[in-house]
Amino acid sequence: MELFARNFKFSSLFLSSSVILSVICTSEVPRPRGVSLSRASLYNPERNFLCFDNSKTIPFVQVNDDYCDCPDGSDEPGTSACPHGIFHCTNAGHKPMNLASSRVNDGVCDCCDGSDEYARNTITCPNICMQLGRHAREEAQRMAELVKAGKHLKAELSQRGMQLKEEKKEKLVVLEKNKEEAERVKQEKQQIKDELEAAENKALEIYRKMEDEEKKRKAEAEAAKNREEATETFVKFDSNQDGFVEISELQTRQTFDKDKNGEVSVEEARYFLNNEDAVELEKFVTDAWPNIKPYLMMDAGLFKPPVPQEESPSEADDLQGDEADEEEAPQDEEEPDEGEDEPEQPEEAVEEPAPLPYDDETQKLVDRATFARNEFADAERAVRDIEAEINNIQDYLEKDFGPEEEFASLQGECFDYSDHEYIYKLCPFEKTTQLPKSGSMETRLGSWGRWDGPEDNKYESMLYDKGQSCWNGPQRSSKVKVVCGVTNEVTSVTEPNRCEYLFEFVTPAACREIASDVDDLHDEL
Amino acid sequence: MLRFCLVFATLLSFGQFADHDTFKDCARVNFCTTLRTRTPENKYSVDSDSVVIDPDGGQLKFDLLDTNGSDNLQVIITRLEGDNFRVQIQEPDSDRYQLQDVLDGELNVLPNDKIVIDPDSYTIVTDGANVTIQFSPFSIEFTTNQGPQLVLDGTRLIFDKNLDKAFAFGVTFPQAYQLYGIHEHADGLALQTTQVGGTDPYRLRNLDVSGYELNSPMSLYGSIPVLYGHGSEATTGIFLHNAAEQWMEITNGEDNTQAYVMVESGALDVFVLLGPTPAEAVRQYVGLTGTAHLPQLWALGYHQSRWNYVSQDDLKDVVANFTTYDFPLDVIWLDIDYTDGKKYFTWDPNAFSDPVEMQQNISASNKRLVTIIDPHIKVEQGYNVYDGALEQDLFVKRADGSNFEGDCWPGLSSYMDFLNPDARDYYSSFYSYDNFPSTTPVLAGIWNDMNEPSVFDNSIEKTLPGDAVHHGGVAHRDIHNIYGLLHTKSTHQGLINRDNNTKRPFILTRSHFAGTQRYSAIWTGDNQAEWGHLSVSYSECLDANLLGIVFCGADVGGFSNNPSEELLQRWYQAGAWLPFYRAHSDSSSQRREPFLFNEDVQAVIRNAIQLRYKHLPVWYTRFYEHTRNRDPIIRPLFYQYPSNVDVYNIGDHLLLGDDILVRAVTESGVESVQVYFPGGTDEHWISISSSDVYEGSGFIDVPVDIQGIPVYYRKGSVIVRKDTLRLSSDEMVGDGHTLHANLDADNKASGTVYLDDNTSFNYVNKEYNYLKIDVDGTDVTLTKIDDDANSDGFDFVIDDVVVNKIIKKPQNGIPGKYETKIYKKTVDGQLLKNLKFKFNDIVTIKLA
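Residues numbered from 1 in each chain as written. Chains lettered and ligands numbered in written order. Predicted model: local features only at pLDDT ≥ 70, side-chain atom pairs only at ≥ 80, totals over all residues. Heavy atoms only, no water.

Side note on the overall build of chain A
Here is step 1: A count of helices and strands for chain A gives 7 helices and 14 strands.
Here is step 2: Counting over 525 residues, chain A shows a buried share of 36%.
Here is step 3: Expressed as a percentage of contacts within chain A between residues at least 6 apart in sequence, the contacts between residues at least 24 apart total 48%.
Here is step 4: Of the roughly 31,400 Å² of accessible surface on chain A, 51% is carried by carbon and sulfur atoms. (Helix = DSSP H or I, 4+ residues; strand = E, 2+ residues; numbered from the N terminus. Buried < 20%, exposed > 50% of the residue type's maximum accessible area, 1.4 Å probe, protein only. Contact = heavy atoms within 4.5 Å. Areas by Shrake-Rupley, 256 points an atom, 1.4 Å probe, with all protein chains shown as cover.)

With respect to the pattern of salt bridges
Here is step 1: As enumerated under the stated definition, the model contains 72 salt bridges over all chains in all.
Here is step 2: The closest approach of N and O atoms between R381(A) and D378(A), which form a salt bridge, is 3.2 Å. With R381(A) and D378(A) both in helix α7 (residues 360–398) and 3 residues apart, the pair spans about one turn of that helix.
Here is step 3: You can call R381(A) partly exposed: its relative accessible area is 41%.
Here is step 4: Here the salt bridges do not stand alone but share partners, grouping D208(B), D449(B), E452(B), K462(B), R510(B) and D526(B) into one network. (Salt bridge = Lys/Arg side-chain N within 4 Å of Asp/Glu carboxyl O.)

Quick look at the domain arrangement of chain B
All names here are of chain B.
Here is step 1: What the domain assignment reports for chain B is domain 1 (27–289) and domain 2 (629–846).
Here is step 2: Centre-to-centre separation of domain 1 and domain 2, based on C-alpha positions: 39 Å.
Here is step 3: Between domain 1 and domain 2, the residue contacts involve 14 residues of the former and 14 residues of the latter.
Here is step 4: In total, domain 1 and domain 2 occlude about 1,200 Å² of area from one another, counting both sides; carbon and sulfur atoms represent 68% of this.
Here is step 5: Run the count over domain 1 and domain 2 and you get 1 salt bridge.
Here is step 6: Inspection of the domain 1/domain 2 interface yields 7 residue pairs in polar contact (both at pLDDT 80 or more). (Domains from an automatic or database assignment. Buried area = accessible area lost by both parts, 1.4 Å probe. Polar contact = N/O pair within 3.5 Å; in protein donor to acceptor, adjacent residues only side chain to side chain.)

Considerations on the nonpolar core
The tendency in soluble globular proteins is for nonpolar side chains to be buried as a group.
Residue and element names in this part refer to chain B.
Here is step 1: Formed by 176 residues in total, the largest nonpolar core has its most connected members in Y228, M416, I482, F506, Y572 and W577.
Here is step 2: Of the domains in this structure, domain 1 (27–289) and domain 2 (629–846) are the two that each give at least three residues to this core.
Here is step 3: Setting aside chain neighbours within four positions, we find W577 in contact with Y538, L611, R612, H615, W619, I634, L654, L656, I660, V662, I709 and V711.
Here is step 4: In terms of nonpolar packing, the next biggest core, distinct from the first, is built from 48 residues, F62, F85, V87 and A244 among them. (Core = buried A, V, L, I, M, F, W, Y, C linked by side-chain atoms within 4.5 Å.)

Remarks on the sheet that holds strand β31 (residues 555–556) of chain B
Residues and elements named next belong to chain B.
Here is step 1: Here 9 strands make up an open sheet; going across it, the order is β30-β29-β27-β24-β20-β19-β18-β32-β31 and the pairing parallel. For this open sheet the edge positions go to β30 (552–553) and β31, each flanked by a neighbour on one side alone.
Here is step 2: Bridging between strand β24 (residues 443–448) and strand β27 (residues 507–509) involves 3 bridges; their strand directions are parallel. Counterpart to W447 in the pairing with β27 is L508.
Here is step 3: Lying on the sheet, helix α4 (residues 312–324) is in contact with β18 (302–304), β19 (331–334) and β20 (368–372); it crosses β19 at an angle near 160 degrees. (Pairing = 2+ DSSP bridges. Axes fitted to C-alpha atoms, helices over the stretch in contact; angles between N-to-C directions.)

Concerning the UniProt feature "domain: Glycosyl hydrolase family 31 C-terminal" (unreviewed entry) in chain B
Here is step 1: UniProt marks residues 631–719 of chain B with the feature "domain: Glycosyl hydrolase family 31 C-terminal" (unreviewed entry), using the numbering shown here.
Here is step 2: The distance separating the terminal C-alpha atoms of residues 631–719 of chain B is 18 Å; by composition the span is 4% helix and 40% strand. (UniProt positions renumbered as here; feature names shortened; annotations may be inferred.)

Examining the confidence of the model for chain A
A low pLDDT score tells you not to read the predicted coordinates there in detail.
Residue and element names in this part refer to chain A.
Here is step 1: Here chain A shows a mean pLDDT of 81. Residues at 70 or above account for 82%.
Here is step 2: With pLDDT under 50 throughout, residues 1–27 is counted as low confidence; its partners more than four residues away or in other chains account for 50 contacts.
Here is step 3: Confidence drops under a pLDDT of 50 for residues 517–525, and excluding neighbours within four residues, the segment shows 18 contacts in the predicted structure. (pLDDT = per-residue confidence, 0-100.)

Quick look at the UniProt feature "domain: Glycoside hydrolase family 31 TIM barrel" (unreviewed entry) in chain B
Here is step 1: When the UniProt feature table is mapped onto this chain, "domain: Glycoside hydrolase family 31 TIM barrel" (unreviewed entry) is found at residues 293–621 of chain B.
Here is step 2: Here residues 293–621 of chain B runs as 33% helix and 15% strand, with 12 Å between its end C-alpha atoms.

Points about the sheet that holds strand β10 (residues 443–451) of chain A
Residue and element names in this part refer to chain A.
Here is step 1: In space, the 8 strands of this open sheet follow the order β7-β8-β9-β10-β11-β12-β14-β13, with mixed pairing throughout. Bordering the open sheet on either side are β7 (415–418) and β13 (489–497), each of which pairs with just one other strand. Taken over all neighbouring pairs, the strand axes of this sheet differ in orientation by 25 degrees on average, direction set aside.
Here is step 2: Strand direction decides the pairing type here: strand β9 (residues 431–436) and β10, joined by 4 bridges, are antiparallel. When the bridges of β10 are listed, K431 appears paired with S447.

Here we look at the packing of aromatic side chains
Each aromatic ring pair is specified by the distance between its two centres and by the angle formed by the two planes.
Here is step 1: This structure, assessed with the given rule, holds 75 aromatic pairs over all chains.
Here is step 2: Ring centres of W448(A) and W451(A) lie 5.8 Å apart, and the angle between their planes is 80 degrees; this geometry places the pair in the edge-to-face category. Here W448(A) matches W451(A) in class, with each residue buried.
Here is step 3: Here the aromatic rings of Y754(B) and Y768(B) are separated by 5.3 Å at their centres, their planes lie at 50 degrees, and the arrangement is tilted. Of the two residues, Y754(B) is situated in strand β43 (residues 748–755) and Y768(B) in the loop between β43 and β44 (769–776); the sequence distance between them amounts to 14 residues.
Here is step 4: An aromatic cluster is defined as three or more aromatic residues linked by ring pairs; in this entry it consists of Y338(B), F345(B), W347(B), F352(B), F418(B), Y426(B), Y427(B), F430(B), Y431(B), F436(B) and Y483(B).
Here is step 5: Across from the ring centre of Y67(A), 5.0 Å away, lies the NZ or CZ of K824(B), which sits over that ring. (Phe/Tyr/Trp six-rings, centres within 6.5 Å; stacked < 30°, edge-to-face > 60°. Lys NZ or Arg CZ within 6 Å of the ring centre and 35° of its normal.)

Side note on the packing of α4(B) against helix α5 (residues 355–364) of chain B
Residues and elements named next belong to chain B.
Here is step 1: Put simply, α4 and α5 touch, their axes get as near as 10 Å, and they point 0 degrees apart. It follows that α4 is roughly parallel to α5 by the angle criterion. Contacts between α4 and α5 involve Q312, L315 and K316 from the first element and P355, E357, M358, N361 and I362 from the second. (Parallel < 35°, antiparallel > 145°, perpendicular 65-115°, else oblique.)

Structural notes on the environment of P375(B)
Residue and element names in this part refer to chain B.
Here is step 1: Tracing the backbone shows P375 in the loop between β20 and β21 (376–378).
Here is step 2: With 167 residues separating them along the chain, P375 and D208 place their C-alpha atoms 13 Å apart.
Here is step 3: Those residues within four positions of P375 in sequence are excluded, and the remaining contacts are S414, Y415, M416, F418, Y427, D449, M450, N451, Y483 and H487.

Details of a negative patch on the surface
Here is step 1: Where like charges cluster on the molecular surface, the negative patch consists of E222(A), E228(A), E229(A) and E232(A).
Here is step 2: Here E222(A) shows up in helix α2 (residues 129–237). (Patch = residues over 30% accessible without salt bridge, like charges linked within 9 Å, V, L, I, M, F, W, Y side chains within 5 Å. Lys, Arg positive; Asp, Glu negative; His and termini not counted. Charge placed at Lys NZ, Arg CZ, Asp CG, Glu CD.)

So, the pairing of strand β14 (residues 235–240) of chain B
Residues and elements named next belong to chain B.
Here is step 1: β14 sits mainly inside the fold: 6 of its 6 residues count as buried.
Here is step 2: Pairing of strand β13 (residues 222–230) with β14 involves 5 bridges; the strand directions are antiparallel. Directly across from V226, in β14, lies its bridge partner F239.
Here is step 3: Hairpin connection of β13 to β14: 4 residues between the antiparallel strands.
Here is step 4: With 4 bridges joining them, β14 and strand β17 (residues 268–273) adopt antiparallel strand pairing.

A few points about the confidence of the model for chain B
All names here are of chain B.
Here is step 1: Confidence in the prediction for chain B averages 94 pLDDT; 97% of positions are at 70 or higher.
Here is step 2: Throughout residues 1–16 the model reports pLDDT below 50, and contacts reaching past four residues in sequence, or to other chains, amount to 40 contacts.
Here is step 3: The ipTM for the predicted assembly is 0.74, set against a pTM of 0.82.

Some thoughts on the state of the cysteines
All names here are of chain A.
Here is step 1: According to the stated counting rule, one finds 10 disulfides over all chains in the structure shown.
Here is step 2: Disulfide partner of C484: C511, at an S-S distance of 2.0 Å. Judged by the sign of its S-S torsion, about 85 degrees, the cystine formed by C484 and C511 is right-handed. Of this pair, C484 sits in strand β12 (residues 477–484) while C511 is found in the segment after β14 (500–507), placing the two residues 27 residues apart along the sequence.
Here is step 3: By sequence order of its bonded cysteines, chain B has the disulfide arrangement 1-2, 3-4. (Disulfide = S-S within 2.5 Å.)

Spelled out as C-alpha cells, the structure:
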C-alpha cells in the first residue's frame, strides 16, 4: 500500500525515474546534512561544535551522530534525534524548506530533493525539485498574468466605482439643496392651509349644528319605528291576547329554534324573552325585542350571520422557509361555534345623513381649503421623496466598496452557481440565496453583513448573515471568499457546517499585488 | 444533505433529554411491572427422586416441583473449567430460544468427581468450590473456602404460564457490598440501588437513544448482562446468557447485595463466576465470550471523524491540515453522506466522484480511511444489495411473513437478517474490493452504526418490533440484543475474506453484546458536548473493559452541540487514555478539527495527541497481553486494589495496565483536582508533568493547569515509549524506544514490551518479540518471555533510557521529589540505538 501511494504521489507530478539520493548536500558549499547555506559557517569540522544556545561544546564528530547533545537540537540538524530540531532541505531548483526534525526518516518524502529520507531502505525519495520548481514558476507566472489582467480590469472597475461615488456625492449636494427648497415650500403651503382651514371651520360650525339636529331627529324616528314594529310583533305573538307573550307562544315559531334541532325548547324561548317566562308589552319592547329582531330579520333574509373569516395564509414567513412548510402541521381549523348559529347584533344601520348642501359662500371656502390641503400634501410628499433618495445615497456612500471603490459596480448585480441539486445566487452587498432545482421556494442564505477577511486584507471575505433559520437550527449564513480572476463569477458553493455556506467568488476587483515570497529560510537565526 | 437534515431532524437530537415518550420505563413494560412487584414465595422444591448425576458429562439434572403443580421446571447444573458453573432452568418441554453465536467456542466441561448426597440437599464438591442444592426451600448456593459467595434464591424464581415467556430470578452476593457491570448505561461506575418508588431497574435492551441522560438506568445501544458482586474479601459474578429484553433490580450494601433479574423471553441460562478477585472474575467471564484479537497498530492512533466531510476535497483538506499544523493522525472517517443516497457499498457520484484518488491522497501521508456501513438496506429496485437480498430472502420479516420495511437514513429500508448464516455471508461479500466499488486497502476499517437496529418509528421504541421474525422462525424479541453482534460478525468475516486473512479487521460498532469484543471496538454513541458526558466516558469504558469489550472510546468533544475550548482540550487530554481515541461531531455542530483553534489551544491538543502516540508501545503491549491473559486494558481502581473500600465509587480515574494512573479533569475552571492515590504508603506515583511523587492511599489535592491532566507512573514500573514525534503510527515503525524506568527503593523497575508486524495474524503463530525488561540501577536486562516465539524482524531498539529516581519520599500528603537521568550509551560508549539485539536469551545492557 505504501509503495503504491508513494508512486502515486510522484507520478502525478510527472517525474522521471531517476533517483538522486542526497548524501551530504547538493550544493557546492560542504556542510552537514540538514544545514542551510546561511548557517554553514557555524558548523566547522576543524573545530569543536558549540550548541547555538551556548550550553555545550562537543567534538565535531558528534554532529549528526544521531545522538542529541544540545538541548536546542542544533547538533543534530540532519537526524531526528533531537525532539525540536530543524532540518533544512536545499531543494535546488525549487524553494528551500525547513522541516521539524521529526519528519526526517519518517517514511514520507517531504523535501523535493529527497534529502529528508536516507536511512530507511523501505523508501527512496527521488529528486523532483526541477519539476516542482518549473511547475511552481509556471504557476507563479500564470498567477502573475492573471493578476495583471485582473488589475487592469480592476482599474476600470475602480474608476467606474469612483465615478459612481462622485456622481452620488454630487447628486447628494443637489438633493440637499432641493430638500431645503422643498421644506420651504412645505412650510409655505402649511401656512396657507392652516389659514384657510380656520376660515372653513368657522363657516362650517353652523352646518355641523344643523347636521347634529338632523341626526337626532332621525334617531328618534328610528326608535319610534322600532317600537311600532315591536308592538306589531307583540300583538302578533300574543296569540291568546292576554297582554303577555309567553314561552308557549314562541315555541310555535320555528324562527326561534336556535340550535336547529327541529323544535323550540323552553330554554330557547326563554332566551328570547330575556329569561322571563312571559313579558308584557313594555318589557317586550325594551328587553325581548333586541333578541328577537335579528332572528326575524334572518328569517326574512334581510340579515346574514357573519361568515367566519378564513385565516388568510400569512405571506411567506421569512423566518420559516421551505422546510417549515414541509413540516408544519395544518393550521388548526377555526374554532367551531358552540353549535348554535347565533347572529351578532346587527349594527344599527344608521346611515350618515347626506351632508346638507352648503351655501355658495361656504362652498367656496371649503373648496379653497381642500385645494390648500392637496397642495400641502404634495409638498410634504416631495420632501419625503427627496429624503428617501438622500437616505439611499447615504447608505451607498457608507458602504465599503473597497479602498478604491473597486467592488462598487457589483452592487445591483447577481451571480448564479449550480450544483447537482441547487442554484445558488450571490447578489453582492445584498444577499445570498439557494433555490432547489426541483422546487421554486428560494431560501435566503444571508443578507449583506460585512467584510470579514483577516486583518491584513479584510476584502478577502464577505459575510452574509441572518438568513432564514434552519429548522431546529441556527439562522443560515454564508461566507463569500473573494479571489482574483478576470471575470465576475461564483466558482463553488459548499456547506462545510450545517446551515453555514461557503461561496467562492472570483472578480477582478479582488486582484492585488501578490506579496512576494519573503524568503526567511536563510536567516532564521 | 440539507434535505435529510430536514426530514430526520426530529429523530436526531434536540433536547438534552432522552425522549421518555419513546423509550419506556418499567411501568410501561408489562412483564417488568408485573414481575417487579411479585413478593418472594416458597414456590419451588426439588423433586429428590428426579436427581440425575452424570459424572462424566459434569452435569447434575433435577426437577423442580411447583407447589401449585402448574409450572414445574427442570434444572441443569454444569461444572466448567476454572470452577465456573452453568445453571440452566426451564420447563421440561421448553421451546424457549436457546441463544447461539455468543459464547466463544465449546465450553470445557469438567467431570463432577465428588457429590455429597444428604437427605435434604446435594453438594457438588470441587477443589475450589462447593455447590449446594437445597431441596426445600429451593436454592443453589456457591461456596468457596472464603465462605458462601453467591446464592440463586428459589423464592425469587418466577416462571408463570400467565406471563407468556417472561421469567425472573434472584441472586444474592453474601460477601459483596457493591454491584458492577451490566453495560451499557450512562451512569457512574458503581451500580445504583434501584427500588419501587425510587430509581427504575437497569434496563438491557439495545436502543438508538438520542440525547441520552446521565446517571440513568435507561437502556442505551448495547447490552452485556454480566454482574459482578464485589466486597473487600471476594468478587463473584453472573453472566446471563440471554439476548432478550431484561430489567435488573439492584440492591447494594453489606449483607444485602442482590440482584433481581426480569427477562422477557428466551432461556434462563446463567454462568456463575466465582472469582475470587475482580481480575479472576473478569478472566472467567472473558474465558466464556472470548478476547479481542490484537488491533492493527494504526487503530490505536488518533481518529478524526465528523458527520460529515462533505466531499473528497473537503476530506483531503482536513487531512492536509493535520500535516500542516503538525497534528498526528492515523485515520480519517466518513459518515453516511459519502454514499449514494444512503445506499451502503456505493459512493455519492458528485461529492465523491473519485474515491480511488482520494484514498491515494490519504495514503500518501500514511493515513487510512474508515467508512460507515449500516445494516438497513434501502428498498429500491436496481440497488444490487437490495435486489440480491430480496431474491435470496435474506431480510427480517414481519409477523405476517412479508419483509419488514421501516424508515431509516435512506428512507424506506429493509433489515438484513443476520441470524441467517446465508445473510451474513451475503452481506460480508460486499466488503470485497470487487463488490464495494472503488475501494482499496486504504479503506482500512468499517464503522457499523444504527445496528440496534434503529428504525425511525417512535411507536416501536425506534427498533424492530418483538414479533418480527428471523431465520428459522425465531422471534426478534428472543435475539434483539445480539442483532448488532451478528452484524459485526458478518462485517468481520467480510474484512477477513477481503484481505485473505492477512489483516486484523478493524470495526467500530454502536450496538454490542457479550462477545462483541471478538469482532469490534465500541464507542459510547451519541454523547453530548458537556462536562458530565466527559466524565461518564470514563465510567462507561471502564465498565466495558470489565465486561470484556476492551476497545472502547467516546466521541472526543461530544457528538451533539459545541464544546467550549476548555472542555474540548480536557476531552482530548482524557480521551488519549481511553483505548479508542476518536473525535466525532454532529452535522449541526461547528467544525472543531484541532487546527481550527488559536495557537494556544492547538498546542494543548497537539500535546495530548502526541502523548497518546508516545505511549503507543504501552497500548499495543497491553492489547497483546489481553489476548494472552484476558485482562482489561484500562481498569478502575477497585479492580487493582479490591480490598480498598474507599475506591469503589471512583469512576473518573483509570489505570492503564497496572502502571499508569490517570485522572480525567472533568471540572471546568479548576486550578486543582482531587486525585486518589491507591496502594498504601508502599506505593509511589511519579507525575509525568512535574518532579512530584505521591503516595497512597487517599485523595490529595493536586494543582492542574490547562496544559495537562494528572498522569502518574507507578514506582517500580518500566514504561516503554516511543518519544520521537511523527505524524502517524506508520511513520514511527522504524523509530527506537525510550524506556522510562521508575526505580523503587531497591533501585529496581520492570515492565514488558511486545513487538510484531503490527498488521497480521501471524502473532497467533508466535511470530513476535515479547520481552520482560528489568532495570536494576544502571543495568537493563531483557528477557525473552516465550522461548518458542520467532522474533525475526522485530528487533527491539532502545534509543534511550530515562531513569526516574525518588530522592525525597512523600510524607503526610506532601509530595516527594524524583530526579531524572537520561542514558543513551552503554559503558562501552556505544550508542544504545545502534545496538540491534537478537534476543535468543537474556541480554544485560550496562548504561553509562
